[in-house]
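# Reading the structure
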Amino acid sequence: MKKLMTYYDKGQGFPIILGHSYLFSKSMWAPQIEALSSDYRVIIPDLWGHGDSPRLPETCTSLTALAEDHYELMQRLGINEFAIVGLSVGGMWGAELAYRYPKAVKALVLMDTDLGAEPAETHEVYFRNLDTIVRLGKIPPEMCEYLVSLFYTQNADTLRKDLYQSLCKLPTAVLRESIVPLGRIIFGRQDRLSILREIACPSLVMTGEYDIPRPPAEGVRLAHRLGCQHITIPKAAHISNVENPLVVNQHLRSFFAENI
């Protein structure tokens, strides 16, 4: 039987699956687990090669395949209807899953993400960085600093230090077998903005005010195509759910109370 991603399964009620960012893990959602699990059943997987999950399978070669892997997890748990909250790559596969399984996905929240192709300038930078990681077998310190600057604002000192240390410690095998190939899937993605107009479930888009890789303008574009509200999360960058959990949790609880 095919291996599953590792996951948390907390609370009771209508199921909500939470999809974390690239280079993070299911623990990223700790503030939302606390806020949501009193009323909902929250399922939080680790991406392949992240957290405690096994390495990226050879069969996972696209965001569509990644969406299918998450759908399979929910099926194995006996969950046929659920909501999705996806941040960054979590939003990319989350939107794909909502598009492919409209009867299963009853509500969708996209955070700090985009469905368009990666812009040429950042595509070049990211792929050059991935090649460097393969060559060195590690993420060099200067690249760790660069990545940290993309994820958190300057004010998030403790978060920045913790992320820097975790990136520097990633094992060579994990980097070469999972992190790099998954990065190539994410940053080499095709433009999938067209699928958003086919997603009919209640939706919400949120973006950190200071998000660099996925700025608010991209979130506004997603919301326009989904026909839903876009919310800017103040005083937060890419990992907005961690930098400003009170505001994010308020909007999540309000949205789900109205829509599931």
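Residues numbered from 1 in each chain as written. Predicted model: local features only at pLDDT ≥ 70, side-chain atom pairs only at ≥ 80, totals over all residues. Heavy atoms only, no water.

A few words now on helix α6 (residues 157–168). Taking 1.5 Å of rise per residue, 12 residues should cover 16 Å, and α6 covers 17 Å from first to last C-alpha, within 8% of that figure. For α6, the secondary structure elements touched by its buried residues are α5 (141–151). (Helix = DSSP H or I, 4+ residues; strand = E, 2+ residues; numbered from the N terminus. Expected span 1.5 Å × (residues − 1). Contact = heavy atoms within 4.5 Å.)

Glancing now at unusual backbone geometry. Even without being glycine, L23 reaches a positive phi, approximately 75°. The residue K235 is not glycine, and still its phi comes out positive at about 60°. We classify K235 as exposed; its relative accessible area is 66%. (Buried < 20%, exposed > 50% of the residue type's maximum accessible area, 1.4 Å probe, protein only.)

Further remarks concern helix α8 (residues 216–226). Buried residues of α8: E218, G219, L222, A223 and L226, and no others. Down the axis of α8, the sector holding all buried residues measures 140°, keeping them to one side. The exposed set on the far side of α8, more than 90 degrees from its buried face, consists of A217 and H224. Buried positions along α8 lie against β5 (105–111), β6 (203–208) and β7 (229–233). Trailing α8 by a residue or two, G227 shows a phi angle of about 70°, which is positive. (Arc of directions from axis to C-beta.)

Quick look at the pairing of strand β3 (residues 41–45) now. Counted residue by residue, β3 has four buried out of five residues, so it is predominantly covered. Sheet topology places strand β1 (residues 7–10) next to β3; four bridges connect them, and they run antiparallel. Bridging from a neighbouring strand, D9 pairs with I43 of β3. Judged from the three bridges that link them, strand β2 (residues 15–19) and β3 form a sheet pairing that is parallel. Paired with I17 across the two strands is I43, which belongs to β3. As a crossover connection, the stretch from β2 through helix α1 (residues 30–36) into β3 is right-handed. (Pairing = 2+ DSSP bridges. Right-handed = clockwise from strand over helix to strand, strands pointing away.)

With that settled, the discussion passes to the environment of V247. Here V247 shows up in helix α10 (residues 245–259). Along the chain, V247 and P234 lie 13 residues apart, while their C-alpha atoms are 8.2 Å from each other. V247 has contacts with I233 and P234, leaving out every residue within four places of it along the chain.

Residues F82 and F256 are the most contacted members of the largest nonpolar core, which totals 88 residues. Dropping the residues within four chain positions of it, F256 is found in contact with I16, L36, Y40, A83, V85, A107 and V109. (Core = buried A, V, L, I, M, F, W, Y, C linked by side-chain atoms within 4.5 Å.)

A few words now on the environment of T59. Of note, T59 is situated in the loop between β3 and α2 (63–76). In this structure, the C-alpha to C-alpha distance between T59 and P102, residues 43 residues apart in sequence, is 24 Å. Those residues within four positions of T59 in sequence are excluded, and the remaining contacts are K2 and A65.

Let us look at the packing of helix α4 (residues 120–136) against α5. Closest axis-to-axis distance for the α4/α5 pair is 12 Å, and the angle between their directions is 140°. Between α4 and α5, the angle is such that the two are oblique. You can see that α4 and α5 cross each other, and the crossing is left-handed. Across from V125, Y126, N129, T132 and I133 in α4, the residues of α5 making contact are M143, Y146 and L150. Of the residues assigned to the contact of α4 with α5, the class counts are six nonpolar, two polar and no charged. (Axes fitted to C-alpha atoms, helices over the stretch in contact; angles between N-to-C directions. Parallel < 35°, antiparallel > 145°, perpendicular 65-115°, else oblique. Left-handed = near helix turned anticlockwise from the far one by under 90°. Nonpolar A, V, L, I, M, F, W, Y, C, P; charged D, E, K, R; others polar.)

The next subject is the state of the cysteines. The full count for this structure, using the stated rule, is zero disulfides. Here C144 stays unpaired: no disulfide links it, and the sulfur of C168, its closest cysteine neighbor, is 3.2 Å away. No disulfide involves C201; its sulfur sits 9.3 Å from that of C228, the nearest cysteine. Looking at C201, the relative accessible area reads 15%, which means it is buried. (Disulfide = S-S within 2.5 Å.)

The next subject is the side chain of E243. Position of E243 among the secondary structure elements: in helix α9 (residues 240–243). Salt bridges are absent for the buried E243, whose nearest opposite-charge side chain, R160, sits at 7.4 Å. For E243, the side chain forms a polar contact with the main-chain nitrogen of A237, separated by 3.0 Å. E243 has contacts with F151, Y152, T153, A156, L159, K235, A236 and A237, leaving out every residue within four places of it along the chain. (Lys, Arg positive; Asp, Glu negative; His and termini not counted. Salt bridge = Lys/Arg side-chain N within 4 Å of Asp/Glu carboxyl O. Polar contact = N/O pair within 3.5 Å; in protein donor to acceptor, adjacent residues only side chain to side chain.)

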